[in-house]
Amino acid sequence: QVRLTESGGGLVQAGGSLTLSCAASVSWYSMGWFRQAPGKERESIAAISWSGGRTDYGHSVKGRFTISRDNDDDTVHLQLNNLNPEDTAVYYCAVSIRYKPEFRPSEYDYWGQGTQVTVSS
């Protein structure tokens, strides 16, 4: 069974930074970060290929967030910089077992429980 465990969420002031981490029980798959705010659809934030050679970012976070992975310990990280209140959401880590998944939630097969990020103004 695939397990994903997110950590690193919390409360931060606008302009601040956070680092989210996701520990996976599987290796060498595409992984992504998504977020969902109350009343909104799940949004694609960042994704990284199994090798780390390809990354994708959502328009709203490009230039502020950075995704990376460490295949030695099966973790993926999301560095969140210059946060603003619109970034407040539950952030989910996910794994896709598909070959070259599209950058959308429906292409991801296993999900973590989510970690709350709250940005105060």
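Relevant structure appears above.
(A) Layout of the layout of surface pockets. The calculated volume of the largest pocket comes to roughly 370 Å³. Listing elements by their share of the lining of the largest pocket, those giving two or more residues are strand S5 (43-48) and strand S6 (55-57). Its residues placed into classes, the lining of the largest pocket shows nine nonpolar, four polar and five charged.

(B) Quick look at the state of the cysteines. Evaluated as defined, the whole model comprises one disulfide. Cys 22 shares a disulfide with Cys 93; S-S distance 2.1 Å. Across the S-S bond of Cys 22 and Cys 93 the torsion is about -80°, and the bridge reads as left-handed. With Cys 22 in strand S3 (residues 18-24) and Cys 93 in strand S9 (residues 89-96), this pair connects stretches of sequence that are 71 residues apart. Here Cys 22 matches Cys 93 in class, with each residue buried.

(C) Seen up close, the sheet that holds strand S1 (residues 4-7). In space, the four strands of this open sheet follow the order S1-S3-S8-S7, with antiparallel pairing throughout. The sheet is open, and its two borders are formed by S1 and strand S7 (65-70), each paired with just one other strand. When the angles between neighbouring strand axes are averaged without regard to direction, this sheet yields 15°. The sheet contact formed by S7 and strand S8 (residues 75-80) spans six bridges and is antiparallel. Paired with Asp 70 across the strands is Thr 75, a residue of S8.

(D) Spotlight on the pattern of salt bridges. Scanning all chains against the criterion turns up seven salt bridges. Here Glu 43 and Arg 35 are joined by a salt bridge, their closest N and O atoms 2.9 Å apart. One salt bridge connects Arg 104 with Glu 107, and the closest N-O pair in it is separated by 3.8 Å. Through salt bridges with shared partners, one network takes in Arg 35, Glu 43, Arg 64 and Asp 87.

Definitions and limits used
- Residue numbers restart at each chain and count upward from 1, following the sequence in its written direction.
- Per-residue local features are limited, in this predicted model, to residues with pLDDT of at least 70; the limit for side-chain atom pairs, both in listing and counting, is 80 or more; totals at the level of whole chains, interfaces and linings are taken over all residues.
- Hydrogens are left out, water is left out, and the side-chain values use all remaining heavy atoms of the structure.
- Using protein atoms alone on a 1 Å grid, points that fit a 1.4 Å probe yet trap it form a cavity, whereas open point sets bounded by protein on both sides within 12 Å along at least five of seven lines form a pocket; residues with an atom within 4 Å of a point count as lining.
- Grid points are joined across faces, edges and corners, and a volume is the space filled by probe spheres set on the points.
- Put simply, DSSP marks the helices as runs of H or I at least four residues long and the strands as runs of E at least two long, and each gets a number from the N terminus on.
- Throughout, the ten residues Ala, Val, Leu, Ile, Met, Phe, Trp, Tyr, Cys and Pro are labelled nonpolar, Asp, Glu, Lys and Arg are labelled charged, and all others, Gly among them, are labelled polar.
- We call a pair of cysteine sulfur atoms a disulfide whenever their separation is within 2.5 Å.
- For the exposure calls, accessible area comes from a 1.4 Å probe over protein chains only, and a residue counts as buried if that area is under 20% of its type's maximum, exposed if over 50%, partly exposed in between.
- Any two strands with at least two DSSP-identified bridges between them are counted as paired.
- Convention adopted: a line fitted to C-alpha atoms gives each axis, helices being fitted over their contacting stretch, and angles between N-to-C directions are expressed from 0 to 180 degrees.
- One side-chain nitrogen of Lys or Arg within 4 Å of one carboxyl oxygen of Asp or Glu is enough to make a salt bridge.

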